[in-house]
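Residues per chain are reported as follows:
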Amino acid sequence: MPIAFFLALLTFLAAGPSPAAEMNAIELLQNKYDSVVTVTGKTYQMASVPDARVTVDPRTGGLMAMTARRLQFQEKKGAGVIISSDGHIVTNTHIIFGSQEILVTFRDGKEIPARILFISREDDFSILQVKTDRPL
């Protein structure tokens with residue numbers, strides 16, 4: 001993973017409560033762990049089903065080749081980190097670049113579509129936003 005993502009992650013993880021707070025290290029890690037999400041980028045493609053059937057056309061009596069088309073997609077998954085309660089998420093660009101659909105999966109299994117706010121191919125660093133009915 002690129003250095004920019006790790007720096008953002010370390011900065012986020014370091015921004016915890018002050019040392020004087022009464023939270024032990026395990027509680028701190030559990031709170032930060034809930035901020036980690038799965039980001040999925042999907043690229044859709046049409047493809048023909050390889051096996052074609054030959055059948056008789058009822059109108060003409062001639063032979064007719066029957067092929068089917070189905071929707072296939074390539075899926076890339078990676079980690080993301082929630083960086084604000086209003087739905088901003090940091091992830092790697094290579095996970096989402098070129099995708100027609102981007103989904104964010106939270107710890108509770110809820111999946112929400114995301115939109116791209118910022119993308120840097122050079123640094124492999126992107127910021128997404130999801131809309132939720134509650135603060136993250």
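The following paragraphs examine the structure supplied in this document. (Residues numbered from 1 in each chain as written. Predicted model: local features only at pLDDT ≥ 70, side-chain atom pairs only at ≥ 80, totals over all residues. Heavy atoms only, no water.)

**Let's talk about the overall build of the chain**
Scanning the chain from terminus to terminus reveals 3 helices and 8 strands. Each helix and strand of the chain, ordered N terminal to C terminal, gives the series α-α-β-β-β-β-β-α-β-β-β. About 9,100 Å² of surface is accessible on the chain, with carbon and sulfur atoms providing 57% of the total. (Helix = DSSP H or I, 4+ residues; strand = E, 2+ residues; numbered from the N terminus. Areas by Shrake-Rupley, 256 points an atom, 1.4 Å probe, with all protein chains shown as cover.)

**A look at the pattern of salt bridges**
Within the structure shown, the criterion is met by 3 salt bridges. Among the ionic pairs, K42 bridges to E75, the shortest N-O distance being 3.8 Å. Here the residue K42 occupies a position in strand β1 (residues 36-48), and E75 occupies one in strand β4 (residues 69-82), the gap between them amounting to 33 residues. In this structure, the salt-bridge partner of D133 is K110, at a minimum N-O distance of 3.9 Å. (Salt bridge = Lys/Arg side-chain N within 4 Å of Asp/Glu carboxyl O.)

**Things to note about the pairing of strand β8 (residues 125-130)**
By the criterion of burial, β8 is predominantly enclosed, with 5 of the 6 residues buried. Of the pairings in the sheet, the one linking strand β5 (residues 88-91) to β8 comprises 4 bridges and is antiparallel in character. Residue T91 lies in a different strand from β8, and its bridge partner there is S126. In this structure, strand β7 (residues 111-120) lies alongside β8, joined through 6 bridges in antiparallel fashion. The residue bridging F118 from the neighbouring strand is I127, located in β8. Where β7 folds back onto β8 in an antiparallel hairpin, the turn is made up of 4 residues, including D124, whose phi is positive at roughly 55°. (Buried < 20%, exposed > 50% of the residue type's maximum accessible area, 1.4 Å probe, protein only. Pairing = 2+ DSSP bridges.)

**A few points about a nonpolar patch on the surface**
A cluster of nonpolar residues, F97, I116 and I119, forms a patch on the protein surface that exposes about 240 Å² of accessible area. Within the fold, I116 resides in strand β7. Residue classification places I116 among the partly exposed positions, given a relative accessible area of 39%. (Patch = residues over 30% accessible without salt bridge, like charges linked within 9 Å, V, L, I, M, F, W, Y side chains within 5 Å.)

**Points about the nonpolar core**
The tendency in soluble globular proteins is for nonpolar side chains to be buried as a group. V37, V39, I89, V104, F106, L128 and V130 are the most contacted members of the largest nonpolar core, which has 13 residues in total. Mapped onto this core, the elements with two or more residues apiece are β1, α3 (93-96), β6 (101-105), β7 and β8. Setting aside residues no more than four positions away along its own chain, V39 makes contact with K76, K77, G78, A79, G80, T91, I95, I96, I102, L103, V104 and L128. (Core = buried A, V, L, I, M, F, W, Y, C linked by side-chain atoms within 4.5 Å. Contact = heavy atoms within 4.5 Å.)

**A look at the side chain of T105**
Relative to the assigned elements, T105 resides in strand β6. At 3.4 Å, the side chain of T105 and the side chain of E111 are in polar contact. With residues up to four places along the chain from it excluded, the contact list for T105 reads V37, T38, K110 and E111. (Polar contact = N/O pair within 3.5 Å; in protein donor to acceptor, adjacent residues only side chain to side chain.)

**A closer look at the environment of Q129**
Positionally, Q129 belongs in strand β8. Look at Q129 and you get buried, because its relative accessible area is 14%. With 16 residues separating them in the primary sequence, Q129 and P113 have C-alpha atoms 8.8 Å apart.

**Here's the deal with the side chain of T43**
Mapped onto the elements of the fold, T43 is located in strand β1. Aside from chain neighbours lying at most four places away, what touches T43 is Q72, F73, Q74, G98, S99 and Q100.

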